[in-house]
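# Structural overview
Residues per chain are reported as follows:
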Amino acid sequence: MNIEYKPIRIAHIGSYNRNLGDNIAILNVRKEFEKSMSNIEWISLDILDIFWNRNNNIDFVIKFFEENNFDAIVLGGGGLIEYRGYEKHDTHFKLPFNEEIMKSLKCPTFFVGLGINYFRGREGFSDLAKESLKSVIDYSTCFSLRNDGSINILKDLGLYSDRVKEIPDPGLIFDYEKRD
């Protein structure tokens, strides 16, 4: 008996085609998932085009995920955690997630190897931005930061918890199992 399985639809949110490091990190995150699961249908969601251009509008984000019915959501890799420049977004920081959005999601969420970008004057987080980031950490299925000092920044922000894992920067992972 030959059984065909429906592909697992995973929304992969990232910053696509803006810099080489993010592109490599996105690819390496996918490779790691594919080691554990076969038959994945990756749906690439560019964070700028879909969410930032709408200022991370909460109603839009909730409706977007309800209508698309993904089996899982993956965000990362890349340095996608920032406050400066995103203060006016509905989530009060760069990510299109806050408590209301996280509670509305009906599928597992994986935040993989993210970085907190503290460069070019982007230091600091407002209290509202901290609330949103804390909700992402608390309500995600898995939350990890890259090992570039981001975990120390998270601690300085008072947001560190045992739920947060530190992993190698996905942009630097080499898949030795597949090298010739």
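Structural data are supplied above this passage.
Parameters and conventions
- Residues numbered from 1 in each chain as written.
- Predicted model: local features only at pLDDT ≥ 70, side-chain atom pairs only at ≥ 80, totals over all residues.
- Heavy atoms only, no water.
- Helix = DSSP H or I, 4+ residues; strand = E, 2+ residues; numbered from the N terminus.
- Rg over C-alpha atoms; globule rule 2.2 N^0.38 Å.
- Buried < 20%, exposed > 50% of the residue type's maximum accessible area, 1.4 Å probe, protein only.
- Contact = heavy atoms within 4.5 Å.
- Areas by Shrake-Rupley, 256 points an atom, 1.4 Å probe, with all protein chains shown as cover.
- Lys, Arg positive; Asp, Glu negative; His and termini not counted.
- Charge placed at Lys NZ, Arg CZ, Asp CG, Glu CD.
- Polar contact = N/O pair within 3.5 Å; in protein donor to acceptor, adjacent residues only side chain to side chain.
- Pairing = 2+ DSSP bridges.
- Expected span 1.5 Å × (residues − 1).
- Phe/Tyr/Trp six-rings, centres within 6.5 Å; stacked < 30°, edge-to-face > 60°.
- Lys NZ or Arg CZ within 6 Å of the ring centre and 35° of its normal.

Another aspect to go through is the overall build of the chain. Helix and strand counts for the chain stand at 6 helices and 7 strands. Along its sequence from the N terminus, the chain presents helices and strands in the succession β-α-β-α-α-β-β-α-β-α-β-α-β. The C-alpha atoms of the chain give a radius of gyration of 16 Å, which matches the 16 Å a tight globule of 180 residues would have. In terms of its C-alpha atoms, the chain occupies a principal-axis envelope of roughly 55 × 40 × 30 Å. Per-residue burial over the chain gives 48% buried out of 180 residues. Restricting to contacts in the chain with at least 6 residues of sequence separation, those with at least 24 account for 73%. Of the roughly 9,800 Å² of accessible surface on the chain, a fraction of 48% belongs to carbon and sulfur atoms. Taking the 23 positively charged and 28 negatively charged side chains of the chain as two groups, their mean positions are separated by 1 Å.

As a further point, take the side chain of S132. Note that S132 resides in helix α5 (residues 127-139). Overall, the relative accessible area of 5% leaves S132 in the buried class. Of note is the side chain of S132, whose polar atom sits 2.7 Å from the backbone oxygen of T91.

Most of strand β6 (residues 142-146) sits out of view: 4 of its 5 residues are buried. In terms of strand pairing, strand β5 (residues 109-116) meets β6 through 3 bridges, oriented parallel. Counterpart to F111 in the pairing with β6 is F143. Alignment of β6 against strand β7 (residues 164-167), held across 4 bridges, turns out to be parallel.

All right, on to the environment of F119 then. If you trace the backbone, F119 turns up in the loop between β5 and α5. Take F119: its relative accessible area is 33%, and that puts it in the partly exposed class. F119 sits 43 residues away from G76 along the chain, and the two C-alpha atoms are 19 Å apart.

A few words now on helix α1 (residues 20-36). With 17 residues, α1 extends 25 Å from end C-alpha to end C-alpha; this agrees with the ideal 24 Å at 1.5 Å per step. Regarding α1, the residues found buried are D22, A25, I26, N28, V29, R30 and F33. Looking at the buried positions of α1, the neighbouring elements they touch are β1 (8-14), β2 (40-46), β3 (72-75), β4 (78-81) and β5. The N-cap residue of α1 is N19: its side-chain oxygen and the backbone nitrogen of G21 are 3.0 Å apart.

Position of T91 among the secondary structure elements: in the loop between β4 and α4 (99-104). Engagement of the side chain of T91 in a polar contact is seen with the side chain of N56, the distance being 3.1 Å. Once residues lying within four places of it in the same chain are set aside, the contact partners of T91 are N56, P96, F97, N98, I101, L128 and S132.

Taking 1.5 Å per residue, 13 residues should reach 18 Å; α5 reaches 18 Å between its end C-alpha atoms and fits that length. Next to the buried residues of α5 lie β4, α4, β5, β6, α6 (150-156) and β7.

With that out of the way, let us pick up the packing of aromatic side chains. The description of an aromatic ring pair rests on the distance of the ring centres and on the angle between the ring planes. Under the criterion given, the structure shown has 15 aromatic pairs. Seen in terms of ring centroids, F64 and F70 are 6.3 Å apart; in terms of plane orientation they differ by 40°. Their pairing is tilted. Pairwise contacts between aromatic rings join F51, F60, F64, F65, F70, F97, F111 and F143 into one cluster. Above the plane of the ring of F60 lies R54, whose end atom (NZ or CZ) is 4.3 Å from the centre.

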